[in-house]
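# A structural walkthrough
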Amino acid sequence: MIGEAAPQPRASLNGWVQQGARSLVFMRPRWHGLQPTPAIVALLVLLELALSIGLGRTYIDGEASFQWRAALSGWGSFALLAWACFALRRAPRDNSVTAPGALHLLTLLLAQGLCLTFVCGMAYMILIRTDWFVQGGDWMRWTAWIYPAAWATLAQLVVMLRSGDRKAGARVLAILAVAVSCTLTYIVAPNPPFWREEAVAEEGEQDEALRFNQEVVEQQAPLLEEKLAALKPQRPGIADMYTITFAPYQSESVFKRESGMVSEVMAKRFDAAGRGLQLLNHRDDVDDMVWATPLNLQRAIEGVAQTMDRDEDVLFIHLTSHGASNGELAADFWPLDVEPVTPPALRKWLDDAGIKHRVISISACYAGNWIAPLANDDTLVMTASDAAHTSYGCGKKSPLTFFGRAMYDEQLRATTLSFEEAHAAARKIIDQREKAAGKDDGYSNPQIKVGNAIRPYLENMKARLEGR
(Lines give C-alpha, C1' and ligand atoms only; values in the text may rest on other atoms or scores of the structure.)
Protein backbone atom coordinates (compact mmCIF):
# COMPACT_ATOMS: atom_id res chain seq x y z
CA MET A 1 0.00 0.00 0.00
CA ILE A 2 1.04 3.63 -0.62
CA GLY A 3 2.90 5.02 2.34
CA GLU A 4 3.89 1.63 3.80
CA ALA A 5 7.58 1.07 4.55
CA ALA A 6 9.48 -1.41 2.41
CA PRO A 7 9.97 -4.81 4.06
CA GLN A 8 13.19 -4.93 6.04
CA PRO A 9 15.72 -7.77 5.69
CA ARG A 10 15.58 -10.24 8.52
CA ALA A 11 18.50 -11.58 10.55
CA SER A 12 18.32 -15.29 9.68
CA LEU A 13 21.10 -17.65 10.76
CA ASN A 14 19.88 -20.24 8.27
CA GLY A 15 20.09 -17.69 5.46
CA TRP A 16 23.66 -16.74 6.34
CA VAL A 17 24.76 -20.39 6.51
CA GLN A 18 23.16 -21.12 3.13
CA GLN A 19 24.96 -18.22 1.49
CA GLY A 20 28.19 -19.14 3.27
CA ALA A 21 27.90 -22.61 1.76
CA ARG A 22 27.30 -21.12 -1.70
CA SER A 23 30.39 -18.96 -1.43
CA LEU A 24 32.43 -21.94 -0.21
CA VAL A 25 31.89 -23.64 -3.57
CA PHE A 26 32.67 -20.36 -5.39
CA MET A 27 29.06 -19.41 -6.21
CA ARG A 28 28.02 -15.78 -5.87
CA PRO A 29 26.23 -15.14 -2.58
CA ARG A 30 22.71 -13.72 -2.68
CA TRP A 31 22.78 -10.70 -0.44
CA HIS A 32 19.10 -9.78 -0.61
CA GLY A 33 17.34 -10.50 2.65
CA LEU A 34 20.53 -10.87 4.73
CA GLN A 35 20.80 -8.59 7.72
CA PRO A 36 23.92 -8.70 9.92
CA THR A 37 23.38 -8.12 13.61
CA PRO A 38 25.64 -8.40 16.66
CA ALA A 39 23.64 -11.47 17.71
CA ILE A 40 24.23 -13.21 14.38
CA VAL A 41 27.95 -12.45 14.45
CA ALA A 42 28.26 -13.70 18.03
CA LEU A 43 26.24 -16.83 17.24
CA LEU A 44 28.42 -17.70 14.23
CA VAL A 45 31.58 -17.29 16.29
CA LEU A 46 30.18 -19.45 19.10
CA LEU A 47 28.99 -22.12 16.67
CA GLU A 48 32.45 -22.24 15.07
CA LEU A 49 33.99 -22.64 18.51
CA ALA A 50 31.52 -25.33 19.59
CA LEU A 51 31.93 -27.27 16.33
CA SER A 52 35.72 -27.20 16.61
CA ILE A 53 35.53 -28.45 20.20
CA GLY A 54 33.00 -31.18 19.41
CA LEU A 55 34.76 -32.49 16.33
CA GLY A 56 38.14 -32.36 18.05
CA ARG A 57 36.86 -34.68 20.78
CA THR A 58 35.78 -37.30 18.24
CA TYR A 59 39.35 -37.56 16.92
CA ILE A 60 40.57 -39.14 20.18
CA ASP A 61 39.57 -42.53 21.56
CA GLY A 62 39.43 -42.90 25.32
CA GLU A 63 40.09 -40.25 27.95
CA ALA A 64 41.07 -36.72 26.89
CA SER A 65 41.61 -33.45 28.70
CA PHE A 66 40.17 -30.12 27.51
CA GLN A 67 42.71 -27.39 26.74
CA TRP A 68 40.75 -24.17 27.30
CA ARG A 69 43.71 -21.99 26.26
CA ALA A 70 43.13 -23.09 22.66
CA ALA A 71 40.11 -20.75 22.61
CA LEU A 72 42.46 -17.79 23.05
CA SER A 73 44.28 -18.39 19.76
CA GLY A 74 43.31 -17.27 16.27
CA TRP A 75 41.99 -13.81 17.12
CA GLY A 76 44.83 -12.05 15.30
CA SER A 77 43.76 -13.75 12.08
CA PHE A 78 40.16 -12.76 12.75
CA ALA A 79 41.17 -9.12 13.23
CA LEU A 80 43.06 -9.11 9.94
CA LEU A 81 40.07 -10.59 8.16
CA ALA A 82 37.75 -7.96 9.62
CA TRP A 83 40.13 -5.18 8.56
CA ALA A 84 40.22 -6.57 5.02
CA CYS A 85 36.41 -6.50 4.88
CA PHE A 86 36.26 -2.85 5.86
CA ALA A 87 39.09 -2.03 3.47
CA LEU A 88 37.07 -3.40 0.57
CA ARG A 89 33.72 -1.72 1.28
CA ARG A 90 32.92 1.96 1.65
CA ALA A 91 29.47 2.30 3.04
CA PRO A 92 26.32 0.14 3.15
CA ARG A 93 24.33 0.12 -0.07
CA ASP A 94 21.69 -2.12 -1.58
CA ASN A 95 23.45 -4.12 -4.29
CA SER A 96 22.87 -7.75 -5.28
CA VAL A 97 26.46 -8.29 -6.47
CA THR A 98 28.72 -6.49 -4.05
CA ALA A 99 28.20 -6.79 -0.32
CA PRO A 100 25.77 -4.18 1.05
CA GLY A 101 28.38 -3.31 3.68
CA ALA A 102 31.59 -4.39 5.37
CA LEU A 103 29.69 -6.03 8.21
CA HIS A 104 27.70 -8.06 5.67
CA LEU A 105 30.96 -9.27 4.15
CA LEU A 106 32.50 -10.19 7.49
CA THR A 107 29.36 -12.06 8.58
CA LEU A 108 29.31 -14.02 5.34
CA LEU A 109 32.95 -15.02 5.80
CA LEU A 110 32.15 -16.25 9.31
CA ALA A 111 29.33 -18.36 7.88
CA GLN A 112 31.66 -19.62 5.17
CA GLY A 113 34.24 -20.61 7.78
CA LEU A 114 31.60 -22.47 9.78
CA CYS A 115 30.66 -24.51 6.71
CA LEU A 116 34.32 -25.25 5.96
CA THR A 117 34.95 -26.39 9.53
CA PHE A 118 32.02 -28.78 9.33
CA VAL A 119 32.99 -30.29 5.95
CA CYS A 120 36.69 -30.64 6.70
CA GLY A 121 36.07 -31.78 10.26
CA MET A 122 33.80 -34.61 9.14
CA ALA A 123 36.26 -35.65 6.43
CA TYR A 124 39.10 -35.57 8.95
CA MET A 125 37.12 -37.76 11.36
CA ILE A 126 36.49 -40.33 8.61
CA LEU A 127 40.19 -40.41 7.74
CA ILE A 128 41.09 -41.07 11.37
CA ARG A 129 38.41 -43.70 11.95
CA THR A 130 39.37 -45.63 8.83
CA ASP A 131 43.14 -45.37 9.48
CA TRP A 132 43.65 -43.64 6.13
CA PHE A 133 46.09 -41.22 7.74
CA VAL A 134 48.36 -44.08 8.73
CA GLN A 135 47.86 -46.09 5.56
CA GLY A 136 48.43 -43.09 3.29
CA GLY A 137 51.62 -42.05 5.04
CA ASP A 138 53.04 -38.54 5.00
CA TRP A 139 51.39 -37.55 1.71
CA MET A 140 47.93 -38.15 3.22
CA ARG A 141 48.70 -36.02 6.27
CA TRP A 142 50.09 -33.21 4.12
CA THR A 143 47.10 -33.42 1.80
CA ALA A 144 44.66 -33.20 4.70
CA TRP A 145 46.56 -30.16 5.98
CA ILE A 146 47.26 -28.21 2.79
CA TYR A 147 44.01 -28.69 0.84
CA PRO A 148 41.68 -27.15 3.46
CA ALA A 149 44.10 -24.25 3.90
CA ALA A 150 44.23 -23.58 0.16
CA TRP A 151 40.47 -24.02 -0.19
CA ALA A 152 39.72 -21.62 2.67
CA THR A 153 42.11 -18.98 1.34
CA LEU A 154 40.81 -19.15 -2.23
CA ALA A 155 37.14 -19.13 -1.15
CA GLN A 156 37.72 -16.08 1.04
CA LEU A 157 39.54 -14.22 -1.68
CA VAL A 158 36.90 -14.98 -4.33
CA VAL A 159 33.98 -13.75 -2.24
CA MET A 160 35.87 -10.67 -1.05
CA LEU A 161 37.04 -9.58 -4.49
CA ARG A 162 33.59 -10.17 -5.97
CA SER A 163 31.86 -8.27 -3.19
CA GLY A 164 34.18 -5.30 -2.76
CA ASP A 165 34.03 -1.93 -4.49
CA ARG A 166 37.37 -0.35 -3.60
CA LYS A 167 40.07 0.44 -6.10
CA ALA A 168 43.11 -1.67 -6.95
CA GLY A 169 45.29 -0.46 -4.06
CA ALA A 170 42.73 -1.46 -1.43
CA ARG A 171 42.20 -4.82 -3.14
CA VAL A 172 45.92 -5.59 -3.03
CA LEU A 173 46.06 -4.72 0.67
CA ALA A 174 43.01 -6.88 1.35
CA ILE A 175 44.57 -9.82 -0.51
CA LEU A 176 47.74 -9.43 1.55
CA ALA A 177 45.69 -9.31 4.76
CA VAL A 178 43.89 -12.56 3.83
CA ALA A 179 47.19 -14.21 2.91
CA VAL A 180 48.77 -13.20 6.22
CA SER A 181 45.65 -14.33 8.11
CA CYS A 182 45.71 -17.78 6.52
CA THR A 183 49.48 -18.05 7.02
CA LEU A 184 49.09 -17.36 10.72
CA THR A 185 46.21 -19.82 10.99
CA TYR A 186 47.66 -22.75 9.09
CA ILE A 187 51.43 -22.42 8.88
CA VAL A 188 53.29 -20.06 11.23
CA ALA A 189 51.17 -20.46 14.36
CA PRO A 190 48.48 -23.09 13.77
CA ASN A 191 45.76 -23.18 16.38
CA PRO A 192 46.48 -25.68 19.18
CA PRO A 193 44.02 -28.55 19.67
CA PHE A 194 41.20 -28.25 22.17
CA TRP A 195 41.77 -31.82 23.34
CA ARG A 196 44.78 -33.86 24.38
CA GLU A 197 44.88 -37.55 25.15
CA GLU A 198 44.69 -38.09 28.88
CA ALA A 199 47.73 -40.38 28.84
CA VAL A 200 49.84 -37.44 27.64
CA ALA A 201 48.21 -34.63 29.57
CA GLU A 202 48.43 -36.32 32.95
CA GLU A 203 52.23 -36.56 32.93
CA GLY A 204 53.04 -32.88 33.38
CA GLU A 205 56.12 -32.42 31.29
CA GLN A 206 54.50 -34.34 28.46
CA ASP A 207 52.01 -31.54 27.81
CA GLU A 208 54.67 -30.13 25.50
CA ALA A 209 56.17 -31.83 22.47
CA LEU A 210 58.90 -34.35 23.06
CA ARG A 211 62.25 -32.57 23.08
CA PHE A 212 65.71 -33.83 22.21
CA ASN A 213 68.82 -32.14 23.55
CA GLN A 214 72.30 -32.50 22.13
CA GLU A 215 73.45 -34.92 24.84
CA VAL A 216 70.58 -37.33 24.16
CA VAL A 217 71.14 -37.25 20.40
CA GLU A 218 74.91 -37.75 20.70
CA GLN A 219 74.38 -40.71 23.03
CA GLN A 220 72.59 -42.75 20.38
CA ALA A 221 75.64 -43.93 18.42
CA PRO A 222 77.64 -45.12 21.46
CA LEU A 223 74.49 -46.65 22.96
CA LEU A 224 74.01 -48.83 19.89
CA GLU A 225 77.70 -49.78 19.95
CA GLU A 226 77.38 -50.68 23.62
CA LYS A 227 74.34 -52.88 22.99
CA LEU A 228 76.07 -54.62 20.08
CA ALA A 229 79.25 -55.18 22.12
CA ALA A 230 77.18 -56.80 24.88
CA LEU A 231 75.74 -59.48 22.57
CA LYS A 232 76.79 -63.01 23.45
CA PRO A 233 79.11 -64.60 20.92
CA GLN A 234 77.95 -67.42 18.68
CA ARG A 235 78.66 -70.99 19.71
CA PRO A 236 80.47 -73.12 17.14
CA GLY A 237 78.41 -76.08 16.03
CA ILE A 238 75.15 -74.62 17.41
CA ALA A 239 72.61 -72.70 15.32
CA ASP A 240 72.03 -69.75 17.63
CA MET A 241 69.11 -67.36 17.26
CA TYR A 242 69.87 -63.62 17.23
CA THR A 243 66.94 -61.23 17.43
CA ILE A 244 66.05 -57.63 16.58
CA THR A 245 62.70 -56.05 17.39
CA PHE A 246 61.80 -52.76 15.73
CA ALA A 247 58.93 -50.52 16.94
CA PRO A 248 59.15 -47.07 15.27
CA TYR A 249 55.71 -45.61 16.08
CA GLN A 250 55.95 -43.86 19.45
CA SER A 251 52.36 -42.53 19.53
CA GLU A 252 50.93 -46.01 20.16
CA SER A 253 52.22 -47.79 23.27
CA VAL A 254 50.85 -51.09 21.98
CA PHE A 255 53.91 -51.36 19.73
CA LYS A 256 56.25 -50.85 22.67
CA ARG A 257 54.45 -53.58 24.62
CA GLU A 258 54.51 -55.96 21.68
CA SER A 259 58.19 -55.32 21.00
CA GLY A 260 59.09 -56.12 24.60
CA MET A 261 56.87 -59.20 24.68
CA VAL A 262 58.32 -60.65 21.47
CA SER A 263 61.86 -60.03 22.74
CA GLU A 264 61.03 -61.88 25.95
CA VAL A 265 59.45 -64.85 24.16
CA MET A 266 62.40 -65.22 21.80
CA ALA A 267 64.89 -64.97 24.67
CA LYS A 268 63.18 -67.65 26.76
CA ARG A 269 61.84 -70.01 24.16
CA PHE A 270 64.52 -69.82 21.47
CA ASP A 271 67.61 -69.63 23.70
CA ALA A 272 68.22 -66.07 22.50
CA ALA A 273 68.85 -64.46 25.88
CA GLY A 274 71.75 -62.04 25.53
CA ARG A 275 71.55 -62.20 21.75
CA GLY A 276 68.79 -59.66 21.17
CA LEU A 277 68.43 -55.96 20.39
CA GLN A 278 65.37 -53.80 20.92
CA LEU A 279 64.97 -50.69 18.74
CA LEU A 280 62.15 -48.54 20.04
CA ASN A 281 60.65 -45.08 19.66
CA HIS A 282 58.84 -44.05 22.83
CA ARG A 283 58.93 -40.92 24.96
CA ASP A 284 59.53 -42.94 28.14
CA ASP A 285 62.69 -44.52 26.74
CA VAL A 286 64.42 -41.69 24.89
CA ASP A 287 67.59 -41.92 26.98
CA ASP A 288 68.10 -45.65 27.43
CA MET A 289 66.80 -47.32 24.24
CA VAL A 290 68.26 -47.41 20.74
CA TRP A 291 65.84 -45.46 18.57
CA ALA A 292 63.90 -47.29 15.88
CA THR A 293 65.17 -45.45 12.82
CA PRO A 294 66.11 -46.92 9.43
CA LEU A 295 69.79 -46.05 9.94
CA ASN A 296 69.87 -47.66 13.38
CA LEU A 297 68.18 -50.79 11.99
CA GLN A 298 70.75 -50.99 9.21
CA ARG A 299 73.60 -50.55 11.70
CA ALA A 300 72.04 -53.10 14.07
CA ILE A 301 71.89 -55.67 11.26
CA GLU A 302 75.51 -54.96 10.32
CA GLY A 303 76.58 -55.21 13.98
CA VAL A 304 74.77 -58.48 14.62
CA ALA A 305 76.28 -59.89 11.43
CA GLN A 306 79.75 -59.25 12.88
CA THR A 307 78.94 -61.24 16.03
CA MET A 308 76.92 -64.17 14.67
CA ASP A 309 78.07 -66.93 12.36
CA ARG A 310 76.36 -65.74 9.19
CA ASP A 311 76.25 -69.23 7.69
CA GLU A 312 75.26 -71.12 10.84
CA ASP A 313 73.08 -68.83 12.99
CA VAL A 314 69.63 -67.37 12.37
CA LEU A 315 68.61 -63.72 12.53
CA PHE A 316 65.03 -63.09 13.65
CA ILE A 317 63.53 -59.62 13.03
CA HIS A 318 60.11 -58.50 14.25
CA LEU A 319 58.76 -55.17 12.97
CA THR A 320 55.61 -53.77 14.55
CA SER A 321 53.87 -50.53 13.57
CA HIS A 322 51.11 -49.18 11.38
CA GLY A 323 51.47 -50.17 7.74
CA ALA A 324 50.60 -48.36 4.54
CA SER A 325 49.10 -49.89 1.41
CA ASN A 326 52.33 -49.16 -0.49
CA GLY A 327 54.33 -51.35 1.92
CA GLU A 328 55.90 -48.62 4.04
CA LEU A 329 56.17 -49.20 7.79
CA ALA A 330 54.97 -46.03 9.50
CA ALA A 331 57.34 -44.16 11.83
CA ASP A 332 56.58 -41.43 14.38
CA PHE A 333 59.02 -39.81 16.79
CA TRP A 334 58.13 -36.11 16.55
CA PRO A 335 59.96 -33.75 16.49
CA LEU A 336 62.55 -36.16 15.08
CA ASP A 337 61.86 -36.82 11.41
CA VAL A 338 62.00 -40.59 10.92
CA GLU A 339 61.66 -42.13 7.47
CA PRO A 340 59.54 -45.28 7.03
CA VAL A 341 61.26 -48.63 6.49
CA THR A 342 60.43 -50.39 3.22
CA PRO A 343 60.76 -54.06 2.17
CA PRO A 344 63.44 -53.42 -0.50
CA ALA A 345 65.55 -51.48 1.99
CA LEU A 346 65.41 -54.27 4.59
CA ARG A 347 66.27 -56.87 1.94
CA LYS A 348 69.29 -54.84 0.84
CA TRP A 349 70.59 -54.40 4.39
CA LEU A 350 70.35 -58.14 5.04
CA ASP A 351 72.01 -59.00 1.74
CA ASP A 352 74.80 -56.46 2.28
CA ALA A 353 75.43 -57.86 5.77
CA GLY A 354 75.76 -61.37 4.35
CA ILE A 355 73.22 -62.91 6.73
CA LYS A 356 72.00 -66.20 5.26
CA HIS A 357 69.29 -67.65 7.55
CA ARG A 358 66.45 -65.20 8.22
CA VAL A 359 63.12 -65.22 10.02
CA ILE A 360 61.23 -61.97 9.46
CA SER A 361 57.92 -61.05 11.10
CA ILE A 362 55.87 -57.97 10.19
CA SER A 363 52.95 -56.98 12.40
CA ALA A 364 51.21 -54.20 10.46
CA CYS A 365 48.35 -53.42 8.12
CA TYR A 366 48.91 -54.46 4.48
CA ALA A 367 52.01 -56.37 5.58
CA GLY A 368 51.55 -58.88 2.76
CA ASN A 369 53.43 -56.36 0.64
CA TRP A 370 56.60 -57.54 2.39
CA ILE A 371 56.35 -61.20 1.33
CA ALA A 372 57.64 -61.08 -2.25
CA PRO A 373 60.53 -58.62 -1.70
CA LEU A 374 61.92 -60.60 1.26
CA ALA A 375 61.24 -64.21 0.28
CA ASN A 376 64.03 -66.58 -0.77
CA ASP A 377 65.09 -70.17 -0.08
CA ASP A 378 66.82 -69.23 3.18
CA THR A 379 64.08 -66.98 4.57
CA LEU A 380 60.84 -67.45 6.47
CA VAL A 381 58.72 -64.30 6.26
CA MET A 382 55.35 -64.00 7.99
CA THR A 383 52.90 -61.14 8.29
CA ALA A 384 49.86 -60.04 10.26
CA SER A 385 47.84 -59.37 7.10
CA ASP A 386 47.84 -59.74 3.36
CA ALA A 387 48.59 -56.92 0.93
CA ALA A 388 44.94 -55.82 0.65
CA HIS A 389 43.69 -55.81 4.25
CA THR A 390 44.31 -54.13 7.57
CA SER A 391 45.40 -55.98 10.67
CA TYR A 392 43.69 -55.39 14.00
CA GLY A 393 44.48 -54.43 17.57
CA CYS A 394 46.90 -51.54 17.00
CA GLY A 395 44.82 -48.88 18.78
CA LYS A 396 45.53 -47.10 22.04
CA LYS A 397 43.28 -49.43 24.05
CA SER A 398 44.92 -52.65 22.81
CA PRO A 399 47.41 -54.40 25.10
CA LEU A 400 48.85 -56.23 22.05
CA THR A 401 48.00 -56.48 18.38
CA PHE A 402 45.83 -59.44 17.44
CA PHE A 403 48.75 -60.96 15.54
CA GLY A 404 51.33 -60.42 18.27
CA ARG A 405 49.05 -61.79 20.94
CA ALA A 406 48.02 -64.95 19.07
CA MET A 407 51.35 -65.69 17.38
CA TYR A 408 53.84 -64.95 20.13
CA ASP A 409 52.12 -64.46 23.50
CA GLU A 410 49.94 -67.54 23.11
CA GLN A 411 51.39 -69.95 20.55
CA LEU A 412 55.18 -69.54 20.63
CA ARG A 413 55.27 -68.74 24.35
CA ALA A 414 53.62 -71.93 25.49
CA THR A 415 52.37 -74.20 22.70
CA THR A 416 54.97 -74.75 19.97
CA LEU A 417 58.46 -73.83 18.81
CA SER A 418 57.47 -74.05 15.16
CA PHE A 419 56.82 -70.74 13.41
CA GLU A 420 54.67 -72.51 10.81
CA GLU A 421 52.53 -74.28 13.40
CA ALA A 422 52.16 -71.10 15.44
CA HIS A 423 51.18 -69.09 12.38
CA ALA A 424 48.59 -71.64 11.25
CA ALA A 425 46.99 -71.68 14.72
CA ALA A 426 47.16 -67.89 15.02
CA ARG A 427 45.30 -67.44 11.71
CA LYS A 428 42.25 -69.25 13.07
CA ILE A 429 42.34 -67.41 16.40
CA ILE A 430 42.70 -64.01 14.71
CA ASP A 431 39.78 -64.75 12.38
CA GLN A 432 37.52 -65.53 15.36
CA ARG A 433 38.61 -62.47 17.31
CA GLU A 434 38.22 -60.10 14.37
CA LYS A 435 34.67 -61.31 13.81
CA ALA A 436 33.88 -60.93 17.50
CA ALA A 437 35.35 -57.42 17.48
CA GLY A 438 33.22 -56.40 14.48
CA LYS A 439 36.04 -55.86 11.98
CA ASP A 440 34.14 -54.77 8.89
CA ASP A 441 36.80 -54.47 6.17
CA GLY A 442 37.49 -58.17 5.74
CA TYR A 443 39.67 -60.80 7.36
CA SER A 444 43.25 -59.60 7.80
CA ASN A 445 44.43 -62.92 6.33
CA PRO A 446 47.94 -63.31 7.84
CA GLN A 447 50.51 -64.64 5.37
CA ILE A 448 53.60 -66.85 5.58
CA LYS A 449 56.24 -67.88 3.03
CA VAL A 450 58.83 -70.49 3.96
CA GLY A 451 61.92 -71.08 1.84
CA ASN A 452 62.89 -74.65 0.95
CA ALA A 453 66.28 -74.35 2.64
CA ILE A 454 65.16 -72.60 5.84
CA ARG A 455 62.40 -75.09 6.68
CA PRO A 456 64.62 -78.11 7.57
CA TYR A 457 67.06 -75.74 9.27
CA LEU A 458 64.33 -74.43 11.59
CA GLU A 459 63.04 -77.95 12.19
CA ASN A 460 66.48 -79.00 13.40
CA MET A 461 66.61 -75.95 15.67
CA LYS A 462 63.17 -76.81 17.04
CA ALA A 463 64.32 -80.38 17.83
CA ARG A 464 67.39 -79.06 19.64
CA LEU A 465 65.40 -76.59 21.69
CA GLU A 466 62.79 -79.18 22.65
CA GLY A 467 65.57 -81.49 23.83
CA ARG A 468 67.19 -78.95 26.13
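Residues numbered from 1 in each chain as written. Predicted model: local features only at pLDDT ≥ 70, side-chain atom pairs only at ≥ 80, totals over all residues. Heavy atoms only, no water.

### Some words on the overall build of the protein chain
- Of the regular secondary structure elements, the protein chain holds 16 helices and eight strands.
- The burial tally for the protein chain puts 47% of its 468 residues in the buried class.
- Of the contacts made within the protein chain by residues no fewer than 6 positions apart, 75% connect residues no fewer than 24 positions apart.
- Accessible surface, the protein chain as shown: approximately 22,400 Å² in total, 58% of it carbon and sulfur. (Helix = DSSP H or I, 4+ residues; strand = E, 2+ residues; numbered from the N terminus. Buried < 20%, exposed > 50% of the residue type's maximum accessible area, 1.4 Å probe, protein only. Contact = heavy atoms within 4.5 Å. Areas by Shrake-Rupley, 256 points an atom, 1.4 Å probe, with all protein chains shown as cover.)

### A word on the packing of aromatic side chains
- Per the counting criterion, the structure on display carries seven aromatic pairs.
- Between the aromatic rings of phenylalanine 270 and phenylalanine 419, the centroid separation amounts to 5.1 Å while the plane-to-plane angle is 15°, which identifies the pairing as stacked. In this pair, phenylalanine 270 sits in the loop between α10 (253–269) and β4 (276–280) while phenylalanine 419 sits in helix α15 (residues 419–437), placing the two residues 149 residues apart along the sequence.
- Ring centres of tyrosine 392 and phenylalanine 402 lie 5.4 Å apart, and the angle between their planes is 85°; this geometry places the pair in the edge-to-face category. Residue tyrosine 392 is found in the loop between β7 (379–383) and α14 (402–414), and its partner phenylalanine 402 is found in helix α14; the two are separated by ten residues along the sequence. (Phe/Tyr/Trp six-rings, centres within 6.5 Å; stacked < 30°, edge-to-face > 60°.)

### Topic: the pairing of β4
- Of the strand pairs in this sheet, strand β3 (residues 241–247) and β4 are connected by five bridges, and their pairing is parallel. Note on β4: the bridge partner recorded for alanine 247 is leucine 280. (Pairing = 2+ DSSP bridges.)

### Some details on the packing of α10 against α14
- Where α10 contacts α14, the axes come no closer than 10 Å and their chain directions differ by 20°. In terms of orientation, α10 and α14 fall into the roughly parallel class. The element α10 and its partner α14 pack so that their crossing is left-handed. Residues Glu258, Met261, Val262, Glu264, Val265 and Arg269 of α10 form the contact with α14, whose own contacting residues are Gly404, Tyr408, Asp409, Leu412, Arg413 and Ala414.
- The residue inventory of the contact of α10 with α14, partitioned by class, reads six nonpolar, one polar and five charged. (Axes fitted to C-alpha atoms, helices over the stretch in contact; angles between N-to-C directions. Parallel < 35°, antiparallel > 145°, perpendicular 65-115°, else oblique. Left-handed = near helix turned anticlockwise from the far one by under 90°. Nonpolar A, V, L, I, M, F, W, Y, C, P; charged D, E, K, R; others polar.)

### Observations concerning the side chain of glutamine 250
- Position of glutamine 250 among the secondary structure elements: in the loop between β3 and α10.
- Its relative accessible area of 9% is what places glutamine 250 among the buried residues.
- Excluding its chain neighbours within four sequence positions, the residues that come into contact with glutamine 250 are Asn281, His282, Arg283, Asp332 and Phe333.

### Observations regarding a nonpolar patch on the surface
- On the surface, Phe118, Val119 and Met122 cluster together into a nonpolar patch covering about 240 Å² of accessible area.
- Its place among the elements puts phenylalanine 118 in helix α4 (residues 102–129).
- Here phenylalanine 118 falls in the partly exposed class, since its relative accessible area comes to 45%. (Patch = residues over 30% accessible without salt bridge, like charges linked within 9 Å, V, L, I, M, F, W, Y side chains within 5 Å. Salt bridge = Lys/Arg side-chain N within 4 Å of Asp/Glu carboxyl O.)

### Brief notes about α14
- Over its 13 residues, α14 runs 17 Å from end to end, which matches the ideal 18 Å to within 8%, given 1.5 Å per residue.
- Phe402, Phe403, Gly404, Ala406, Met407, Tyr408, Gln411 and Leu412 are the residues of α14 that are buried. (Expected span 1.5 Å × (residues − 1).)

### Topic: the side chain of asparagine 296
- Tracing the backbone shows asparagine 296 in helix α11 (residues 294–307).
- Residues in contact with asparagine 296, not counting those within four places in the same chain, are Gln220, Leu224, Leu279, Val290 and Trp291.

### Regarding the confidence of the model for the protein chain
- When pLDDT is averaged along the protein chain, the result is 82, and 80% of the positions lie at 70 or above.
- Residue range residues 1–9 is modelled with pLDDT below 50. Its contacts to residues more than four positions away, or to other chains, number three contacts.
- Low pLDDT, under 50, characterises residues 199–208; the predicted model gives this stretch eleven contacts beyond four residues in sequence or across chains. (pLDDT = per-residue confidence, 0-100.)

### Overview of unusual backbone geometry
- The phi torsion at phenylalanine 26 lies on the positive side, around 70°, for a residue other than glycine.
- Here phenylalanine 26 is to be found in the loop between α1 (13–24) and α2 (38–58).

### As for the nonpolar core
- Membership of the largest hydrophobic core comes to 35 residues, with the highest contact counts inside it found for Ile244, Leu297, Ile301, Leu319 and Leu346.
- Listed by contribution, the elements that provide at least two residues to this core are α9 (214–229), β3, β4, α11, β5 (314–320), α12 (343–353), β6 (357–363) and α13 (371–374).
- Broken down by element, this core gets its largest block of residues, five residues, from α11.
- Setting aside residues up to four positions removed in sequence, isoleucine 244 forms contacts with Leu277, Leu279, Leu297, Ala300, Ile301, Val304, Leu315, Phe316, Ile317 and His318.
- Among the nonpolar cores identified, the runner-up in size contains 32 residues, and Leu412, Ile430, Leu458 and Met461 belong to it. (Core = buried A, V, L, I, M, F, W, Y, C linked by side-chain atoms within 4.5 Å.)

### Regarding the pattern of salt bridges
- For the structure on display, the rule yields 17 salt bridges.
- Among the ionic pairs, arginine 433 bridges to glutamate 410, the shortest N-O distance being 2.8 Å. Taken together, the residues arginine 433 in helix α15 and glutamate 410 in helix α14 connect sequence positions 23 residues apart.
- When its relative accessible area of 23% is taken as the criterion, glutamate 410 is described as partly exposed.
- Overlapping salt bridges bring together Arg235, Asp240, Asp271, Arg275 and Arg464 as one network.

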